[in-house]
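Here are the chains, one letter per residue:
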Amino acid sequence: MIRSVLSLILIALTAFAAPAAHAGEERRVVVELFTSQGCSACPPADELMRELAKRGDVVALALHVDYWDYIGWKDSFASPAFTARQKAYAKAQGNPMVYTPQMIVGGRDQVMGTKEMKVVDLIAAHRAMPAQVVLVATREAGVLRISAQAPDASLEGPLVVHVVRYRPKDVVEVRRGENAGKMLEYSNIVTDWQVAGEWDPAERLALQMPVEGDAPVVVMVQRGGHGPILAVAELK
């Protein structure tokens, strides 16, 4: 599900100027929830995720991991790629283990997915950070166009450009395992994650790639090695 996009066009154009951020524009924060249909502790975090998905200052992404599947219920949204992303975060942050439900805020801070006030405080802290990348994404006639620039010339790369698709909502009847007999509602379920390529922020970025269907698209710029997420754009 996570794959390199061989067909993308990735060009650093010195003549290209990314649009400046609008005055007073609200900075948005990416919140990733690592969850599972087979985890009895996860439904409260899934409920919190539904509330976060309604916020205009948050881009909420639910990534279902597969390491609970052996307990009697195979998560219908799970992907080993999402498990790998969670493990990569743990390695980058020096954590010896992974768990559910876990939220990663801004690619930087990890918190138990049921700790609502802690999550809210982290979102506020990330919103207060100065923007390091100006990112603009548009979609038209099946083509996604991404432009970006780093106003701060001292920003170092490499930065990674991610393109994510998600399903806005779904309901699952769990028939076995720890949540047997429950109807679970999910929001912003990640269905596809593409690593579009690396970007040297010393140059301006212009990228275009095909996108199929009308599912929402999220574009993120993240520091390499599963570091902080510096910019995000969402197309619904």
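Please read these numbers as outputs of a predicted model, since none were measured by experiment.

Caption draft 1: Layout of helix α2 (residues 80–92). The first and last C-alpha atoms of α2 sit 18 Å apart over 13 residues, in line with the 18 Å expected at 1.5 Å per residue. Buried residues of α2: A81, F82, T83, R85, Q86, Y89 and A90, and no others. Its side-chain oxygen 3.1 Å from the backbone nitrogen of A81, S79 forms the N-cap of α2. Immediately downstream of α2, the backbone of G94 shows phi near 75 degrees, a positive value.

Caption draft 2: Here's a closer look at the pairing of strand β13 (residues 229–235). Burial runs high along β13: seven of the seven residues are buried. Pairing of strand β12 (residues 217–223) with β13 involves six bridges; the strand directions are antiparallel. The residue of β13 that forms the bridge with M220 is V232. Here β12 folds back onto β13 in antiparallel fashion, the turn holding five residues, of which G225 has a positive phi close to 75 degrees.

Caption draft 3: Region of interest: unusual backbone geometry. Omega for the peptide link from T100 to P101 comes to -5 degrees, which places this bond in the cis form. The residue P101 is located in the loop between α2 and β5 (102–105) in this model. Even without glycine at this site, A141 takes up a positive phi of about 50 degrees. Within the fold, A141 resides in the loop between β7 (134–140) and β8 (143–149). In this structure, H226 is a non-glycine residue whose phi angle is positive, near 55 degrees. Along the chain, H226 falls in the loop between β12 and β13.

Caption draft 4: Representation of the nonpolar core in the model. Ranked by size, the top nonpolar core spans 24 residues in total, and within it V133, L135, L144, I146, V161, W199 and V219 carry the most contacts. Of all elements in the fold, only β7, β8, β9 (159–173), β10 (183–199), β11 (205–210), β12 and β13 reach the threshold of two or more residues within this core. The dominant element in this core, judged by the number of residues it contributes, is β13, at four residues. With 20 residues, the next largest nonpolar core counts V30, C39, V65 and W193 among its residues.

Caption draft 5: How the structure looks around the pattern of salt bridges. This structure, assessed with the given rule, holds seven salt bridges. For E32, the salt bridge identified is with R85, shortest N-O distance 2.8 Å. Residue E32 is located in strand β3 (residues 29–35), and its partner R85 is located in helix α2; the two are separated by 53 residues in the primary sequence. Among the residues examined, E32 registers a relative accessible area of 0% and is labelled buried. Exposure remark for R85: the relative accessible area of 4% places this residue in the buried category. Note that K54 is salt-bridged to E51, the shortest N-O span being 3.3 Å. The class for K54 is exposed, based on a relative accessible area of 63%. When salt bridges with common partners are traced through the structure, they connect R55, D57 and R127 into a single cluster.

Caption draft 6: Main features of the side chain of H64. Take H64: it is sitting in strand β4 (residues 58–64). Within the local environment of H64, its side chain forms a polar contact with the side chain of D75, the two groups lying 2.9 Å apart. The contact partners of H64, leaving out residues within four places of it in the chain, are T35, S36, Q37, D75, F77, A78, S79, F82, Y186 and I189.

Caption draft 7: Geometry of helix α1 (residues 43–52). Among the residues making up α1, those that are buried are P43, A45, D46, L48, M49 and L52. Packing partners of the buried residues in α1 comprise β3, β4, β5, α3 (116–127) and β10.

Caption draft 8: Just the pairing of β4, in detail. A large share of β4 lies buried, amounting to seven of its seven residues. In β4, alternate side chains face the same way, and those of V58, A60, A62 and H64 on one face and V59, L61 and L63 on the other are all buried. Here seven bridges tie β3 to β4, and the two strands are oriented parallel to one another. Residue pairing for β4: V29 is matched across the bridge by V58. Following the chain from β3 across α1 to the adjacent parallel β4, one finds a crossover that is right-handed.

Thresholds applied
Residues numbered from 1 in each chain as written. Predicted model: local features only at pLDDT ≥ 70, side-chain atom pairs only at ≥ 80, totals over all residues. Heavy atoms only, no water. Helix = DSSP H or I, 4+ residues; strand = E, 2+ residues; numbered from the N terminus. Expected span 1.5 Å × (residues − 1). Buried < 20%, exposed > 50% of the residue type's maximum accessible area, 1.4 Å probe, protein only. Polar contact = N/O pair within 3.5 Å; in protein donor to acceptor, adjacent residues only side chain to side chain. Pairing = 2+ DSSP bridges. Core = buried A, V, L, I, M, F, W, Y, C linked by side-chain atoms within 4.5 Å. Salt bridge = Lys/Arg side-chain N within 4 Å of Asp/Glu carboxyl O. Contact = heavy atoms within 4.5 Å. Right-handed = clockwise from strand over helix to strand, strands pointing away.

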